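# Overview (structure and organization)
Read off the chains here:
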Amino acid sequence: MFGKFSSKRLTIEHSSQSERIRRDSFGMFDGYDSCSEDTSSSSSSEESEEEVAPLPSNLPIIKNNGQVYTYPDGKSGMATCEMCGMVGVRDAFYSKTKRFCSVSCSRSYSSNSKKASILARLQVTGKPPTKKAKVLQKQPLVAKLAAYAQYQATLQNQAKTKAAAVSMEGFSWGNYINSNSFIAAPVTCFKHAPMGTCWGDISENVRVEVPNTDCSLPTKVFWIAGIVKLAGYNALLRYEGFENDSGLDFWCNICGSDIHPVGWCAASGKPLVPPRTIQHKYTNWKAFLVKRLTGAKTLPPDFSQKVSESMQYPFKPCMRVEVVDKRHLCRTRVAVVESVIGGRLRLVYEDSEDRTDDFWCHMHSPLIHHIGWSRSIGHRFKRSDITKKQDGHFDTPPHLFAKVKEVDQSGEWFKEGMKLEAIDPLNLSTICVATIRKVLADGFLMIGIDGSEAADGSDWFCYHATSPSIFPVGFCEINMIELTPPRGYTKLPFKWFDYLRETGSIAAPVKLFNKDVPNHGFRVGMKLEAVDLMEPRLICVATVTRIIHRLLRIHFDGWEEEYDQWVDCESPDLYPVGWCQLTGYQLQPPASQSSRESQSGSSKQKKKAKSQQYKGHKKMTTLQLKEELIDGEDYNFLQGASDQESNGSANFYIKQEP
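Residues numbered from 1 in each chain as written. Predicted model: local features only at pLDDT ≥ 70, side-chain atom pairs only at ≥ 80, totals over all residues. Heavy atoms only, no water.

For clarity, the threshold we go by: UniProt positions are given in the numbering used here, feature names are shortened, and annotations may be inferred rather than shown by experiment.
As annotated in an unreviewed UniProt entry, the protein chain carries the name MBT domain-containing protein 1 isoform X7 and comes from Pteropus vampyrus. In the Subcellular location (unreviewed entry) part of its UniProt record, the protein chain is described as follows: "Nucleus".

Pasting the structure below:
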């Protein structure tokens, strides 16, 4: 949807005009070149600017993306709009009094909307009431109630943000990356994540304008910094002028609201002020910036707009979907979207009485489908006790769901009884000997794990024929992956040729499997944020430990290898470093760090519970489903779940035995 960004180079030109006014094209005040912090902070903007000498005639200006930034008149300093609160250059404001940034604000201030504006600003800033608040006394009761509701919502949001911050206290991706010299997977590896398809060539040495935290001025000021290191969305920044001094380096999310391209301060009327630690290094900071920024790269001017657009999600609360039953993977149920965070959906099963029976997945997950999908392909479906839709609920449009690759089933195709290798959805660290148990429509297959199947098919699961989670016979051997043999099979080491002969089975043809491998960009050792698919509400600090074609082995930092997961390189359950911070989702820190905190006991309990979940989940699922079948629950043999689509080209080399 979005074209790739290309970082814009800054070019420098010299002005031939005889005089330029006091704020330069960087948005930098002349007065800060030589004044001390004490005089800057104690004197008013008008007084300090009157003392500044005119700029020399040869002072350069900057062209950024074809736009020339000139020097706005700074004689009267900065102004704040009394209506909307926007800060800008006073001379650009409306009317002789310079009280408003535009005609509309001037008119609005004179109307009744002035009252609502004052109230909103009081709530957001949290400042005590002033004389302006007296107008609220005249507000109608309905307006007061609405304002109070908005205030309560603001407090709740602040409480949620604070709770998330407390839960992650003690863990910092920046410190974690720096202290261990880790490398994070680049944002371009995650096409489903915000900016994944339009990250462009954002890299080290790109310059940005950021808040200057090394300053004692009473107002918020900015300075230019360069990217020293990238880790997903996070960037290690160093203020210009520090050269090789890393003393004030800091990490921030490059998609955050305080990160701007060079030239933003000039366009927005914001001051550029050098950090006080290095303020003495140069007498002419403007000349320094001109030299440093000539030929440098910065963010595209519409970067923040693209970030905002990439975080708009089509799924909305109250939409109905069909989703895999987390307790019985052989069937689906109707669920309702409860909330959307960064494209991840919290789905509540429609027949859940207390709305606590939920399931988390990404909107592009192969586990969710439009209403009626199960019936259309022949997959099992649990009928709901609810006879009609609840008020406000509506079916999700089919075009919003991830599309699977179309396949031709008319020629040679998968058949029931064929053998293959498949990732066990109940133990994602293993690839097992498996059998195709039923061929559904549209390329979907019902698959069972050999040696642990129920006679009624209650523990079958569904993969699409193009799924990267199924493999031809011999895949594990040729790629040196440990294949899990059927439970109870005693002839070890396991040999496919012997097993096929003993069971009278045939292997699924190699040519029917997905052999496309995209140029995904992942490398062993890269850090990322990954969903714990055994408890999909959790997103954890993780590492890529193996790469086999398009298959990634994901290790959760601080946990034993038995909790690893085999995941496709295009899985929507993988995210760049900093994704949780960007979207407001809670990240689970490495288990070893959690144990160092006061929760060491709970960490051990979690490990034990998780181990029991892995080892006992399959048996429990089968027994539960058998009990429900005995009770006479009605089933239609209809839906399932595919895995991720694939693109690119590569070949699997399968060893052929006589």
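## Observations concerning the overall build of the protein chain
Put simply, the test is: What counts as a helix is a DSSP run of H or I of at least four residues, what counts as a strand is a run of E of at least two, and both are numbered from the N terminus. The contact criterion used throughout is that any non-hydrogen atoms of two residues lie within 4.5 Å. Note on areas: Shrake-Rupley with a 1.4 Å probe; residue coverage comes only from the protein chains shown.
Along the protein chain, the regular secondary structure elements total 15 helices and 33 strands. Taking contacts inside the protein chain between residues at least 6 apart in sequence as the whole, the part at least 24 apart equals 67%. For the protein chain, the exposed surface amounts to about 31600 Å²; the carbon and sulfur share of it is 51%.

## A word on the confidence of the model for the protein chain
Applied cut-off: Every residue is assigned a pLDDT by the predictor, reflecting its confidence on a scale from 0 to 100.
On average, residues of the protein chain carry a pLDDT of 76, and 65% of them reach 70 or more. Note on residues 11–27: pLDDT is under 50 here. Beyond four places in sequence and across chains, it has 68 contacts.

## Considerations on the state of the cysteines
Our working definition: Two cysteine sulfur atoms make up a disulfide if the distance between them is within 2.5 Å.
All chains considered together, the criterion is met by zero disulfides. In this model Cys432 remains outside any disulfide bridge; the closest cysteine sulfur is found in Cys476, 8.7 Å from its own.

## Thoughts on the nonpolar core
To keep it simple, the criterion reads: Residue types Ala, Val, Leu, Ile, Met, Phe, Trp, Tyr and Cys, when buried and joined through side-chain atoms within 4.5 Å, form a set referred to as a nonpolar core. Here the term buried applies to any residue with accessible area under 20% of the maximum for its type, exposed to any over 50%, and partly exposed to those in between, with areas from a 1.4 Å probe on protein chains only. A domain assignment, automatic or from a database, supplies the domain bounds used here.
Trp199, Leu237, Cys255, Phe303, Phe522 and Ile554 are the most contacted members of the largest nonpolar core, which has 71 residues in total. For this core, the element with the highest residue contribution is strand β9 (residues 222–231), accounting for six residues. Mapping this core onto the domain boundaries places at least three of its residues in each of domain 1 (202–299) and domain 4 (526–591). Each residue touching Leu237, except ones within four places of it in the same chain, is listed here: Val208, Val210, Ala225, Gly226, Ile227, Val228, Asp249, Phe250, Cys252 and Ile259. The next biggest cluster of nonpolar side chains, apart from the first, holds 37 residues, and it includes Ile423, Cys432, Phe471 and Ala508.

## Let's talk about the pattern of salt bridges
Selection criterion: For salt bridges, the criterion is a side-chain nitrogen of Lys or Arg within 4 Å of an Asp or Glu carboxyl oxygen.
Going through the model one piece at a time under the given rule, you end up with 29 salt bridges. One salt bridge in this structure joins Arg238 and Asp249, with 2.8 Å as the shortest N-O distance. With Arg238 in strand β10 (residues 234–239) and Asp249 in the loop between β10 and β11 (250–253), this residue pair connects regions lying 11 residues apart in the sequence. Neither residue differs from the other here; Arg238 and Asp249 are each classed as buried. The partner of Asp564 in a salt bridge is Arg553, with the nearest N and O atoms 3.3 Å apart. Of this pair, Asp564 sits in the loop between β29 (551–556) and β30 (565–568) while Arg553 sits in strand β29, and the two are 11 residues apart along the sequence. Each member of the pair, Asp564 as well as Arg553, carries the same accessibility label: buried.

## Some remarks on the side chain of Arg380
The condition that has to hold: In this count, Lys and Arg are taken as positive residues and Asp and Glu as negative ones, while His and the chain termini are left out. Think of a polar contact as two N or O atoms within 3.5 Å of one another; within protein, one of them needs to be a possible hydrogen donor and the other a possible acceptor, and neighboring residues in sequence only count if both atoms come from side chains.
Inspection of the secondary structure puts Arg380 in the loop between α10 (373–377) and β19 (381–382). Of the buried charged residues, Arg380 lacks a salt bridge, with Asp456 as the closest side chain of opposite charge at 5.5 Å. There is a polar contact of 2.8 Å between the side chain of Arg380 and the backbone oxygen of Asp456.

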